[in-house]
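What the coordinates show
Below, each chain spelled out in residue letters.
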Amino acid sequence: MPNEQAFTLRAQWLGQQLREMREAAKLTLKEVGDFIKRNPSTVSRIESGMLPARVPEVLAYLDICGIDDRKRRDDLKTMSEDAWQKGWWDGFTANVASSLIDWIWLESRAAEICSFQVSVLPGLLQTRDYAEAVIRAAHPDATEEQITRFVELRMTRQQRLDSDDPVQLRTIIDEGVLRRPVGGPAVMRAQLAHLREAAGRSHIEVLILPAGIGAHPSPNGAFDVFQMRPPYPVAGCISTPAGNLVVEGEKAETLLRTYDRLREVALREDATLAFLSNLQARLE
């Protein structure tokens, strides 16, 4: 059985769909449980996301609820398959929190990511040395082995940008992030060069939010929005000291609108590249 922390978000989304379907059909937990050969407490765990439903259970749910729509059936089958699918990140689950596994899975399923950062650069665009400096500062008690695993996890995540079907990454970076010499001048020079190279790729957009604009549309800080592939909804992810908070529906749409307003006041592509070049030259 897979590690439960690796499929928490996927199981929650699937369980929510199953619960709404059962309630619309006016069925009790016991009635569904008798049909899928599970006791009511297990059905409740499935619907709450504590236990992901397997494909035969999902198909039985659809049958007892009278759902014949082919797309609906295919969508829920896909969600069940995803909930039990093993990913490359499974080898790291002992080293990271479940909320980060959720984040990584969102990255793996997203067609487009919109990221606004105010403290550090997006993980998908960090160099190895920059990432190590950030991780060491954030985890002062970690062992060398743990640091190595954390860095490797971050570097492996970046393969999503180099796949045959890469994610479309759009990011707005607060100017203060770029002026913070993480890892020292040499590390930061290499990081700025890497950002300039990334900004030249067709599926990556890098913009800078200049300090001179003063107040901006996201005073509460950084966030990411994942435009998911079907059958999943748009999801927003907000980093907090206690872990990552995932939202969907109107809350995720609000974050997306906030990103669009930030984009309106950010430096354009040419101005961003010139800013990065000048900042890199100052560190020479």
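Please read these numbers as outputs of a predicted model, since none were measured by experiment. (Residues numbered from 1 in each chain as written. Predicted model: local features only at pLDDT ≥ 70, side-chain atom pairs only at ≥ 80, totals over all residues. Heavy atoms only, no water.)

Things to note about helix α10 (residues 185–199)
So the rule is basically this: The helix count covers DSSP runs of H or I at least four residues long, the strand count covers runs of E at least two residues long, and both are numbered beginning at the N terminus. By this rule, a helix spans an expected 1.5 Å times one less than how many residues it contains. Think of it in three bands: with a 1.4 Å probe and only protein chains considered, a residue is buried below 20% of the maximum accessible area for its type, exposed above 50%, and partly exposed in between. Arc definition: directions from the helix axis to the C-beta atoms. In what follows, a contact means two residues having at least one pair of non-hydrogen atoms within 4.5 Å.
Over its 15 residues, α10 runs 21 Å from end to end, which matches the ideal 21 Å to within 8%, given 1.5 Å per residue. Of the positions making up α10, those classed as buried are Val187, Met188, Gln191, Leu192, Leu195 and Ala198. Angular distribution of buried residues about the axis of α10 spans 135 degrees; they occupy a single face of the element. Check the buried side of α10 and you find it contacts α7 (128–138), β2 (168–174), α9 (175–179), β3 (204–209) and α12 (269–282).

A few points about the sheet that holds strand β6 (residues 243–248)
What counts is decided by this rule: Here, any two strands with at least 2 DSSP bridges between them count as paired. Helix axes use the C-alpha atoms of the stretch in contact, all axes being lines fitted to C-alpha atoms, and the angles between their N-to-C directions lie in the range 0 to 180 degrees.
What the 6 strands build is an open sheet, ordered β3-β2-β1-β4-β5-β6; its pairing is mixed. The outermost strands of the open sheet, each flanked by one partner alone, are β3 and β6. This sheet shows a mean twist of 15 degrees between the axes of neighbouring strands, independent of strand direction. Here 3 bridges tie strand β4 (residues 223–228) to strand β5 (residues 235–240), and the two strands are oriented antiparallel to one another.

Some points on unusual backbone geometry
Residues Pro230 and Pro231 are joined by a peptide bond in cis, for which omega reads 10 degrees. If you trace the backbone, Pro231 turns up in the loop between β4 and β5. For Lys26, which is not a glycine, the phi torsion comes out positive at approximately 60 degrees. Mapped onto the secondary structure, Lys26 falls in the loop between α1 (8–24) and α2 (29–36). With phi around 65 degrees, Lys37 is a residue other than glycine that occupies positive phi space. Assessed through its relative accessible area of 74%, Lys37 is described here as exposed.

With respect to the pattern of salt bridges
Stated formally: Basic side-chain nitrogens of Lys or Arg form a salt bridge, by our definition, when they fall within 4 Å of a carboxyl oxygen of Asp or Glu.
A complete count under the given rule lists 17 salt bridges for this structure. One salt bridge connects Asp165 with Arg229, and the closest N-O pair in it is separated by 2.9 Å. With a gap of 64 residues between them, Asp165 in the loop between α8 (144–157) and β2 and Arg229 in the loop between β4 and β5 connect regions that are remote in the sequence. Judged by relative accessible area, Arg229 falls into the partly exposed class, the value being 25%.

What about the packing of α1 against helix α5 (residues 70–84)?
Defined as follows: Should the near helix be turned counterclockwise from the far one by less than a right angle, the crossing is left-handed, whereas a clockwise turn marks it as right-handed. Throughout this entry, Asp, Glu, Lys and Arg are counted as charged residues, while Ala, Val, Leu, Ile, Met, Phe, Trp, Tyr, Cys and Pro are counted as nonpolar. The remaining residues, Gly among them, count as polar.
Across the interface, α1 lies against α5 with an axial gap of 8 Å and an inter-helix angle of 145 degrees. Judged by the sense of rotation from one axis to the other, the crossing of α1 with α5 is left-handed. From α1, Arg10, Trp13, Leu14, Gln17 and Met21 reach across to α5, where they touch Arg72, Leu76, Met79, Ser80, Asp82 and Ala83. Residues belonging to the contact of α1 with α5 are distributed by class as follows: 6 nonpolar, 2 polar and 3 charged.

Focus: the packing of aromatic side chains
What counts here: Stacked, tilted and edge-to-face are the three classes applied to pairs of Phe, Tyr and Trp rings, where Trp contributes its six-membered ring and a pair requires centres within 6.5 Å; stacked means planes under 30 degrees apart, edge-to-face means over 60, and tilted covers the rest.
Going through the model one piece at a time under the given rule, you end up with 5 aromatic pairs. Residues Trp13 and Tyr232 carry aromatic rings whose centres are separated by 5.4 Å and whose planes lie at 35 degrees to one another, so their mutual orientation is tilted. Placement of the pair is Trp13 in helix α1 and Tyr232 in the loop between β4 and β5, with a sequence separation of 219 residues. Like Tyr232, Trp13 is buried. Measuring from centroid to centroid gives 5.9 Å for Phe116 and Phe223, while their planes differ by 55 degrees, and the two rings are tilted.

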